[in-house]
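Here's the letter readout for the chains.
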Amino acid sequence: MTARLINGASLAKTMRRGFVDRVGKLRESGLTPGLAVILVGDDPASAVYVGRKMRACEEVGIRSFASYLPATISNAELLGRIVELNANPEVHGILVQLPLPEHIDMARVLETIAVEKDVDGFHLYNVGGLVTGNVVFSPCTPYGVVKLLEHENIPIQGQNVVVVGASNIVGKPMALMLMARDATVSICHAKTRDLAQYTILADILVVAAGVPNLIIPQMVKRGAVVIDVGINRLPDGRITGDVDFAGVSEKASAITPVPGGVGPMTVTMLLENTIKSAEHALALT
Ligand code: NAP
């Protein structure tokens, strides 16, 4: 079997074309969606991610507001900046690029973002909403995975799903979102004994560990759908996922490439959440 390629880049492009129309309608009504992006410090990878998000905003007509803040900023100053953005009617989404410097209280920062502008979905309310079904904004990466599965008409209900990785921003919300769609979900992490005994049972295997080649063909059930969230930079500069793409493609029925799979969907869902927030703001006026 050679797996069908799940093309995230292509779906992202189609979705973003639709966003141009939605943003156009908002602008005609006098409201331009705005996303505020806060970058603390000068981590080069974070700067690249922020640049990519701002460019994506521009392409669909969302206004972006960048705050480049020094790594030495105090907690109080950073919280003050967020409070200002919460009150700014031109801003419909606020994103604080992670990771933050060690001295910053990340939990406090995320909880200071107004829930109705929490387009990254990391506020405690939105995290809790994933458990109870009251979410305002879903976190972008797992939301992008769900969109990909839906677009590919891959059934989720009743499927055995294994999520490898249990972080707050990918693995855990991913598991909750798939549970909410009636999958039977197992979550594995670095301390899982014998990872393969779980992964081999998966009808849908989502991998978000940050370990190149963690998943090899022997660990995958024939015909499984494999979603590779991992983004790893190899010593030669190439980007690779967590899955042995060539080997696993021979066993899976469908698979996401890296790059070009989940990555473009993450930024797309950030745009979706920002537009949704702006549409909500317009409905309230
Ligand atoms: P993270 O916070 O480092 O979490 C990694 C998770 O994987 C942890 O739960 C860890 O287990 C688990 N893990 C690590 N090694 C493992 C192993 N050998 N076997 C099983 N589980 C293992 O990372 P993250 O932020 O969730 O990101 C994960 C990957 O996705 C990274 O490559 C990141 O670059 C990528 N990512 C991609 C996108 C995208 O848009 N495509 C977005 C976000 C992240 P413990 O909990 O036991 O430590």
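Predicted, not measured: the structure shown is a model, and the values here were computed from it.

Turning our eyes to something else, we now look at unusual backbone geometry. The omega angle of the peptide bond from Leu-98 to Pro-99 is 0 degrees, so this bond is cis rather than trans. Relative to the helices and strands, Pro-99 resides in the loop between β4 (93-96) and α4 (106-112). The phi dihedral of Asp-182 is positive, around 65 degrees, even though this residue is not glycine. Structurally, the position occupied by Asp-182 is in the loop between α7 (171-179) and β6 (184-188).

Here the focus is the pattern of salt bridges. Enumeration over the complete set of coordinates arrives at 8 salt bridges. Where Glu-279 meets Arg-22, a salt bridge forms, and the shortest distance between an N and an O atom there is 2.9 Å. In this pair, Glu-279 is assigned in helix α10 (residues 262-284) and Arg-22 in helix α1 (residues 8-28), connecting sequence segments 257 residues apart. Since its relative accessible area comes to 24%, Arg-22 is described here as partly exposed. Residues joined in a network through salt bridges with shared partners are Arg-22, Glu-272 and Glu-279.

So, on to α7. Residues Gly-171, Pro-173, Met-174, Ala-175, Met-177 and Leu-178 constitute the buried set of α7. Contact partners of the buried residues in α7: α5 (124-132), α6 (140-151), β5 (160-164), β6 and β7 (204-207).

What follows deals with the site of the ligand. Close contacts around the ligand come from 22 residues, with Ala-166, Ser-167, Ala-190, Lys-191 and Thr-266 the closest. Here an oxygen atom of the ligand and a side-chain polar atom of Lys-191 are 2.9 Å apart. Contact between the ligand and Thr-266: an oxygen atom at 2.6 Å from a side-chain N or O atom of the residue. Burial of the ligand by the surrounding chains reaches 69%, relative to a free accessible area of 920 Å². Among the elements that take part in the shell around the ligand, α10 stands out by supplying 3 residues, more than any other. Looking at the shell around the ligand residue by residue, the classes come out as 12 nonpolar, 9 polar and 1 charged.

With respect to the helices, strands and loops of the structure, Thr-141 is situated in helix α6. Apart from residues no more than four positions distant in its own chain, Thr-141 is found in contact with Val-170, Val-229, Val-262 and Thr-266.

Looking now at the domain arrangement of the chain. A common way to state how big an interface is: give the accessible area lost once the parts meet. By domain assignment, the chain separates into domain 1 (30-114) and domain 2 (140-263). Here the C-alpha centre of domain 2 lies 29 Å away from the C-alpha centre of domain 1.

When β5 meets β6, the two strands line up parallel, connected through 5 bridges. Along β6, the bridge assignment pairs Val-161 with Val-185. Chirality of the crossover, the property in question, places the unit of β5, α7 and β6 among those that are right-handed.

As summarised here, the arrangement of the 3 strands in space is β3-β2-β4, forming an open sheet in which the pairing is parallel. Across the chains shown, the open sheet's two edge strands, defined by having one partner strand only, are β3 (63-69) and β4. Averaged over all pairs of adjacent strands, the angle between their axes in this sheet comes to 15 degrees, without regard to strand direction. The pairing of strand β2 (residues 34-40) with β3 spans 7 bridges and is parallel. From the neighbouring strand, Val-40 faces β3, where its bridge partner is Leu-69. Relative to the sheet, helix α2 (residues 44-60) contacts β2, β3 and β4, its axis offset from that of β2 by approximately 170 degrees.

With that settled, the discussion passes to the sheet that holds strand β1 (residues 4-5). With parallel pairing, the 6 strands of this open sheet are ordered in space as β1-β11-β8-β7-β5-β6. Because the sheet does not close on itself, it has two edges, and the strands there are β1 and β6. Note: β7 against strand β8 (residues 225-228), 4 bridges, orientation parallel. Bridge assignment links Leu-205 to a residue of β8, and that residue is Val-226.

Take the side chain of His-123 next. Mapped onto the secondary structure, His-123 falls in the loop between α4 and α5. His-123 gets classed as buried once you look at its relative accessible area, which sits at 11%. A polar contact of 2.8 Å, which involves the side chain of His-123, links it to the backbone nitrogen of Tyr-125. With near-sequence residues (within four places) excluded, His-123 lies in contact with Leu-110, Glu-111, Ile-113, Val-115 and Asp-118.

Quick look at the packing of α2 against α10 now. Packing of α2 against α10 brings their axes to within 10 Å, and their N-to-C directions diverge by 55 degrees. On the basis of their axis angle, the class for α2 and α10 is oblique. Considering only the axes of α2 and α10, their crossing is right-handed. For the pair formed by α2 and α10, the contact residues are Lys-53, Ala-56, Cys-57 and Val-60 on the first element and Val-267, Leu-270 and Leu-271 on the second. Counted by class, the contact of α2 with α10 contains 6 nonpolar, no polar and 1 charged residues.

Rules used in this analysis
Residues numbered from 1 in each chain as written. Predicted model: local features only at pLDDT ≥ 70, side-chain atom pairs only at ≥ 80, totals over all residues. Heavy atoms only, no water. Helix = DSSP H or I, 4+ residues; strand = E, 2+ residues; numbered from the N terminus. Salt bridge = Lys/Arg side-chain N within 4 Å of Asp/Glu carboxyl O. Buried < 20%, exposed > 50% of the residue type's maximum accessible area, 1.4 Å probe, protein only. Contact = heavy atoms within 4.5 Å. Near = heavy atom within 4 Å. Polar contact = N/O pair within 3.5 Å; in protein donor to acceptor, adjacent residues only side chain to side chain. Areas by Shrake-Rupley, 256 points an atom, 1.4 Å probe, with all protein chains shown as cover. Nonpolar A, V, L, I, M, F, W, Y, C, P; charged D, E, K, R; others polar. Domains from an automatic or database assignment. Pairing = 2+ DSSP bridges. Right-handed = clockwise from strand over helix to strand, strands pointing away. Axes fitted to C-alpha atoms, helices over the stretch in contact; angles between N-to-C directions. Parallel < 35°, antiparallel > 145°, perpendicular 65-115°, else oblique. Left-handed = near helix turned anticlockwise from the far one by under 90°.

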